[in-house]
Amino acid sequence: MQTLTLQQLADAIGAEVQGDAALMITGVATLASAQPGQIAFLANEKYRSQLDTSHAGAVIVAPDVDVPKGMSALRTRNPYAGFAKIAQLLDTTPKPAESIHASAQIHPSAKIGKNVAIGANAVIAENVVLADNVTIGVGCYVGPGTQIGANTQLWQHVVIYHNCVIGEHCLVHAGTVIGADGFGWANEAGKWIKIPQLGRVVIGDRVDIGASTTIDRGALDDTIISNGVIIDNQCQIAHNVFIDEDTAIAGCTVLAGSCRIGKRCLIGGATAINGHISICDDVQISGFSMVIKEITEPGAYASGIPAAPQREWRRNGARYRQLDDLFQRVKKIEKQLEQ
């Protein structure tokens, strides 16, 4: 268990200490569940009442927030980001592997850096390059010619096909598949002819990919995931997609082939984005949206239908089917009024 003083935590995140700088902190918790020796945070005013009753040893708050008498605090402009950084420092998550297991199969041509860990039954194919401090979890497969950058971790049963590139400080969760064939087919007289997918998947630095996500290799050019992108569980990234830096994609989202996503976009869960369209920088898309045309202006977009009581939804559904008839009637009346 990692234990740090409040002053050490303050130095790490650039915060100001209020109270006992020598207080030992052993972990993080919510305001409601925290115990002495743990640090909590307040980033939303609706939880302000919990601050008064919390048993936390210390709390991370904004500079203008009052804390109960006797409670130590770290003051920072962004308490939630401060909490995230401290949680990393005090993280107790075990690593996917601690050493190179005897059952791991490593091809003689593979290049293995310093302090690399490879779990049981993992397979490292020919000409793979694993940089320093890479961790490969149990049962992973890393295909021929793939390169993985320093300090990247793969959790259990990740599959990476041939010639893919993954940058530094990335995290890939269990069951993810990177570099499978894109959905490329030609049709001749009703019969499907497979198009070999000859591109790669190229992933930048500090990319986090959730469990059971699939990222397809490009047909001819590469599928590219840029630095700082975060992708949730069970997403589908099709061939030749380009995702620019620091974009976040929530679970069950589908990006069709050759779409291009800009920088710092926020894409809500279960969104579907059409192929061969572009979305500009700084776009926020609400969950369950369907994007069928390019977006050229930053801002918030939505197209999902919120849930409603069944009876109300059925009435609205019936009215929707009458919408075209209503439009034609209104159009006819407008023409009559113009005469």
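Residues numbered from 1 in each chain as written. Predicted model: local features only at pLDDT ≥ 70, side-chain atom pairs only at ≥ 80, totals over all residues. Heavy atoms only, no water.

Draft legend 1. Quick peek at the overall build of the protein chain. Scanning the protein chain from N- to C-terminus turns up five helices and 38 strands. Expected size for 339 residues packed as a compact globule is a radius of gyration near 20 Å; at 26 Å, the protein chain overshoots this value by more than 25%. Each principal axis of the C-alpha distribution contributes one length, and for the protein chain these read about 85 × 60 × 35 Å. Looking at the protein chain as a whole, 39% of its 339 residues are labelled buried. Within the structure as shown, the protein chain displays about 18900 Å² of accessible surface, and the carbon and sulfur contribution to it stands at 52%. Between the averaged position of the 27 positive side-chain charges in the protein chain and that of its 32 negative side-chain charges there is a distance of 9 Å. (Helix = DSSP H or I, 4+ residues; strand = E, 2+ residues; numbered from the N terminus. Rg over C-alpha atoms; globule rule 2.2 N^0.38 Å. Buried < 20%, exposed > 50% of the residue type's maximum accessible area, 1.4 Å probe, protein only. Areas by Shrake-Rupley, 256 points an atom, 1.4 Å probe, with all protein chains shown as cover. Lys, Arg positive; Asp, Glu negative; His and termini not counted. Charge placed at Lys NZ, Arg CZ, Asp CG, Glu CD.)

Draft legend 2. Looking closely at the pattern of salt bridges. Counted under the stated rule, the structure contains six salt bridges. In this structure, the salt-bridge partner of Lys194 is Asp181, at a minimum N-O distance of 3.0 Å. With Lys194 in strand 22 (residues 191-194) and Asp181 in the loop between strand 20 (177-180) and strand 21 (185-188), the pair connects residues that are 13 residues apart, well separated along the chain. The salt bridge partner of Lys263 is Asp244, with a shortest N-O separation of 3.3 Å. Placement of the pair is Lys263 in the loop between strand 32 (260-261) and strand 33 (266-267) and Asp244 in the loop between strand 29 (242-243) and strand 30 (248-249), with a sequence separation of 19 residues. (Salt bridge = Lys/Arg side-chain N within 4 Å of Asp/Glu carboxyl O.)

Draft legend 3. Main features of a nonpolar patch on the surface. On the surface, a cluster of nonpolar side chains totalling about 410 Å² of accessible area is made up of Tyr320, Leu323, Leu326 and Val330. In terms of residue count, helix 5 (residues 323-338) provides more of the nonpolar patch than any other element does, three residues in total. Note that Val330 resides in helix 5. (Patch = residues over 30% accessible without salt bridge, like charges linked within 9 Å, V, L, I, M, F, W, Y side chains within 5 Å.)

Draft legend 4. Just the environment of Arg314, in detail. Summarising the element assignment, Arg314 is placed in helix 4 (residues 310-321). Between the alpha carbons of Arg314 and Pro298 there is a distance of 35 Å; along the sequence they are 16 residues apart.

Draft legend 5. Region of interest: the packing of aromatic side chains. Scanning the entire structure with this criterion turns up three aromatic pairs. When the ring of Tyr80 is compared with that of Phe83, the centres are 6.3 Å apart and the planes differ by 15°; the resulting orientation is stacked. Placement of both Tyr80 and Phe83 in helix 3 (residues 79-89) is noted, with a separation of three residues, approximately one turn of the helix. In this structure Tyr80 comes out as exposed when scored by relative accessible area, which is 53%. Put simply, the rings of Phe41, Tyr80 and Phe83 pair up and form one aromatic cluster. (Phe/Tyr/Trp six-rings, centres within 6.5 Å; stacked < 30°, edge-to-face > 60°.)

Draft legend 6. Spatial organisation of helix 3. Every buried residue belonging to helix 3 is among Pro79, Gly82, Phe83 and Ile86, and all of these are buried. End-on, the buried residues of helix 3 take up no more than an arc of 100°, which puts them together on one face. Pointing more than 90 degrees away from the buried face of helix 3 are the exposed residues Tyr80 and Gln88. Looking at the buried positions of helix 3, the neighbouring elements they touch are helix 1 (6-13), strand 4 (27-28), strand 5 (38-41), strand 6 (58-61) and strand 7 (72-75). (Arc of directions from axis to C-beta. Contact = heavy atoms within 4.5 Å.)

Draft legend 7. Representation of the layout of surface pockets in the model. The volume enclosed by the largest pocket comes to roughly 850 Å³. Along the wall of the largest pocket there are 25 residues; nearest its centre are Gln88, Asp91, Gln153, Leu171 and Asp208. With five residues, the single largest contributor to the lining of the largest pocket is helix 3. Computed from the structure, the second largest pocket encloses a volume of approximately 180 Å³. Around the second largest pocket, the lining residues are Ile305, Pro306, Ala308, Trp313, Asn316, Gly317 and Tyr320. The residue inventory of the lining of the second largest pocket, partitioned by class, reads five nonpolar, two polar and no charged. (1 Å grid on protein atoms, 1.4 Å probe; cavity = no way out; pocket = protein on both sides within 12 Å on 5 of 7 lines; lining within 4 Å. Points joined across faces, edges and corners; volume = space filled by probe spheres on them. Nonpolar A, V, L, I, M, F, W, Y, C, P; charged D, E, K, R; others polar.)

Draft legend 8. Molecular detail of the sheet that holds strand 17 (residues 159-160). Read across the open sheet, the ten strands follow the order 8-11-14-17-20-25-28-31-34-37; overall the sheet is parallel. Looking at the sheet topology across the chains shown, the edges are occupied by strand 8 (105-106) and strand 37 (290-291). Here strand 17 runs beside strand 20; their pairing, made up of two bridges, is parallel. For Ile160, the partnering residue across the bridge sits in strand 20 and is Ile178. (Pairing = 2+ DSSP bridges.)

Draft legend 9. Seen up close, the pairing of strand 22. Bridging between strand 21 and strand 22 involves four bridges; their strand directions are antiparallel. If you follow Ala186 over to strand 22, its bridge partner there is Ile193.

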